[in-house]
Amino acid sequence: MDAFACAVAAEAAAIDAGFALLFFSQSLVEADALSRALLTHAPGLHHAGCSTAGEITPQGLEDGHVLAMLLPSAAFTAVSTMVDDLSSSGMDRITSEVEALRRNLRGRVGGEHTRNTFALCFIDGLSYAEEAVSSAIHWGLDDIPLLGGSAGDDLKFETTRLISNGRVTSDSAIIVLIATEIPFHVFKTDNFVPTDEKLVVTASDADHRIVREFNATNAADEYAASVGILPQTLTPLSFASHPVVVKVGGEYYCRSIQRMHADGSLSFFCAIDDGVVLSIAQPKDMVESTRAALREVEERLGGIDLILGFDCVLRRLDARNRQVFRDISELYRINNVVGFGTYGEQYRSMHLNQTFTGIAFGDRQAAE
């Protein structure tokens, strides 16, 4: 870890970086060791980040890496805060933290320069709190666009870690506000269309995101029958390949299944409750839908310098299953995408699944 932290410190000094975003595999590095190394070798560098379910590096989709994205002070002003104890935290407290952060940023850059601001959030992906937290952050942001990702732990579903300026926690969220003169565009893309096949949640444990029954039948049995596979063969790949979606405000959003339990109940990556109507979704071509989204972003900005991306781990599993993993990885590589594989994505006020959310930055010359 010392070698990595030394490299980060040297690069930060070379470009006068004031802030670093860090994404790391817990299979490779312990959060505590990474945090200590950064404090030792780059004590003045403010930073925020989280553990992952895979990384997006300059080489494309990878696993078992640690990644730093440095923000040069000449082009970016960043302020951050960590919100602890999500499971017992009132949402009003989160909104007031965001408002304090906005005042902090205004004090740093002046009111007229906060127009070009975006917000990032990293949330413990095992906290069962992402919907409420995303909504509370969004409420405090006014019209500042929000995006982010839920921290992962390489599909172990045990413990995720968040790091921020020397602190290492779980059951927490980090909010980062960033002002920049560089043109940017926030976007999302997915690759599914709803079918007429419906699943109504008729028995659930909403606090733990567990569905026990669909359509008054055992959840795994009913889901498996709806997608045409045997219940005993259900795996994370099955759930990635056959997502379910919910309609909110005229748009469909993915509600991904995390895993099946021995009793046939299903754990979800997002909030679920009795009475929710889900539609089985039909996947579209992931490569073509992603390429089209990136092309649209490029046209809007007049060129892409870099994309910070939050990519659902289920997209990664589905890409492997459909044998397009290399194609997606190459798309990310040639479009300069960096980021990580998530247990859920945040986009404006919504917590999503099986989606890629990203912020694309335009011509670098604007910063030079």
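Throughout what follows, the structure given in this document is the object of discussion. Only a predicted model underlies this, so the values are computations on that prediction, with no experimental measurement involved.

Parameters at a glance
Residues numbered from 1 in each chain as written. Predicted model: local features only at pLDDT ≥ 70, side-chain atom pairs only at ≥ 80, totals over all residues. Heavy atoms only, no water. Salt bridge = Lys/Arg side-chain N within 4 Å of Asp/Glu carboxyl O. Helix = DSSP H or I, 4+ residues; strand = E, 2+ residues; numbered from the N terminus. Buried < 20%, exposed > 50% of the residue type's maximum accessible area, 1.4 Å probe, protein only.

### Points about the pattern of salt bridges
- Per the counting criterion, the structure on display carries 13 salt bridges.
- The partner of D63 in a salt bridge is R316, with the nearest N and O atoms 3.4 Å apart. Placement of D63 in the loop between β4 (60-62) and β5 (66-72) and of R316 in helix α8 (residues 313-321) is noted, with a sequence separation of 253 residues between them.
- The exposure class of D63 is partly exposed, given its relative accessible area of 43%.
- On the basis of relative accessibility, which here comes to 5%, the residue R316 falls in the buried class.
- For D263, the salt bridge is made with R212, and the minimal N-O distance between the two is 4.0 Å. Separated by 51 residues along the polypeptide, D263 in the loop between β18 (257-260) and β19 (266-268) and R212 in strand β14 (residues 210-214) bring together distant segments of the chain.
- The partly exposed category is assigned to D263, whose relative accessible area is 47%.
- Classification of R212 as partly exposed rests on a relative accessible area of 38%.
- What you see here is one network of salt bridges that share partners, running through D63, R316 and R320.

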